[in-house]
Amino acid sequence: PNDSDIYYIPIMHTNDIHGSFYPKKVLLPNNELYTIGGLEYMGKYASIMEEEWGERFLYFDTGDQFQGGIEGFISHGNIMMDFFNKLEVEKSVLGNHEFDYGIPFLKEYMERANFDWVIDNIKNLTTGQYITFPKQNKSMIIDVGESDEFKIKLGIIGLSTQETPASTNTRLDDLLFDDYIKTINAESKKLKAQGANAIIVIGHLGLYCRYEPDEIKLSYKLRDTDTYQATCRETDEAYKLLTNLEDGVIDILLAGHRHDVTHHWVGGFPVMSNDRNGKYAQIVYLPFDRKTKKLINKKILMEGPLPICDRIFK
């Protein structure tokens with residue numbers, strides 16, 4: 001987007017890559033083979049965005065990074081951490097499958113990161129105190145701007161799904177995954193007191209939105225609040241969260257966990273997520289008024305899903 005009165009901040013978002021580093025061969029019904037995924041292609045998308053937008057380009061991942069793919073397994077997660085460090089991921093959050101090999105393994109994995117983990121709702125069940133993880137922050141501010149005089153302050157809140165104890169391969173009897181709305185309300189208030197111009201929730205939280213023919217035609221274009229969208233499943237945790245939040249508490253949810261492509265507005269809030277195994281990425285363009293530094297919600301644009309595919313990339 002090109003508007004001299006608006007300062008855009010583009011954010012690339014991935015989730016649920018599950019250790020799938022290399023492209024996978026897929027057989028179509030007509031017996032044609034094609035490849036899908038591959039972090040070499042995904043990384044190049046990110047580098048192209050960085051070349052175009054410079055330091056205002058940000059990349060967030062919302063969890064389930066290393067467990068699943070054979071590449072992640074045999075490298076003990078190292079191949080995935082090398083990827084995220086190389087791409088200079090800004091922040092990440094813990095998915096439920098980050099816990100699959102136990103907390104000692106997870107802490108060793110987190111130590112290798114060149115980025116911060118934002119963790120706001122994981123507590124000790126007995127004491128009620130927050131659990132300490134390596135390179136962890138609770139909600140925090142990121143400054144983005146073109147000079148010392150012009151900075152946009154992005155407040156970041158990190159949430160892990162409350163489904164984690166029931167959907168991981170290790171026992172987490174001593175952990176409490178706290179209520180989302182209570183956590184958001186408390187952390188949003190702190191961030192706004194620190195001058196945050198927008199609040200971004202990076203959450204490993206699920207949401208399924210139905211795909212209909214009219215929406216599929218619009219899938220690979222810029223989407224705004226007027227773009228046609230199908231309905232979303234009301235029983236999913238991200239849907240319940242967004243439809244019960246007060247207006248203005250947050251500005252966008254970068255989600256995950258459900259393994260579905262989402263680029264919708266729910267309860268007035270934009271929300272994005274991707275399918276599993278690195279098949280897609282998405283980009284959101286956050287527009288700020290250059291004079292007031294206020295986020296212009298009606299001009300938020302979502303681009304994607306971007307297919308991670310060698311043919312489309314070429």
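As the structure is a prediction and not an experimental result, all values here were calculated from the model. (Residues numbered from 1 in each chain as written. Predicted model: local features only at pLDDT ≥ 70, side-chain atom pairs only at ≥ 80, totals over all residues. Heavy atoms only, no water.)

### Topic: the overall build of the protein
Heads up, the rule is: Segments assigned H or I by DSSP are reported as helices when at least four residues long, segments assigned E as strands when at least two residues long, and all are numbered from the N terminus. As a reference, a globule follows 2.2 Å times the number of residues to the power 0.38, and the radius of gyration itself is taken over C-alpha atoms. The buried label goes to any residue with under 20% of its type's maximum accessible area, the exposed label to any with over 50%, and the partly exposed label to all in between, with areas taken from a 1.4 Å probe on protein chains only. With residues, only the protein chains shown are counted as cover, and all accessible areas are computed by Shrake-Rupley using a 1.4 Å probe. Residues scored as positive are Lys and Arg, those scored as negative are Asp and Glu, and His as well as the terminal groups of each chain are ignored. To locate a charge, the coordinates of NZ of Lys, CZ of Arg, CG of Asp or CD of Glu are taken.
Secondary structure assignment for the protein yields 8 helices and 18 strands. By the compact-globule yardstick of 20 Å for 314 residues, the protein fits well, its C-alpha radius of gyration being 19 Å. In terms of overall dimensions, the protein has a C-alpha envelope of 55 × 50 × 40 Å along the principal axes. The proportion of buried residues among the 314 residues of the protein is 56%. A total accessible area of about 14,100 Å² is found for the protein, and carbon and sulfur atoms account for 48% of it. Taking the average location of the 35 positive side-chain charges in the protein and that of its 47 negative ones, the two points are 1 Å from each other.

### Side note on the environment of Gly155
Position of Gly155 among the secondary structure elements: in strand E10 (residues 152–160). Distance from Gly155 to Ile200, taken between C-alpha atoms, is 6.0 Å for residues 45 residues apart in sequence.

### Quick word on the environment of His263
Formally: Between N or O atoms, a polar contact is any pair within 3.5 Å; within protein, one atom must be a potential hydrogen donor and the other a potential acceptor, and residues adjacent in sequence are included only when both atoms are from side chains.
Its location among the elements puts His263 in strand E15 (residues 262–266). Through-space distance from the C-alpha of His263 to that of Cys209 is 8.6 Å; in sequence the pair is 54 residues apart. At 3.2 Å, the side chain of His263 forms a polar contact with the backbone oxygen of Gly304.

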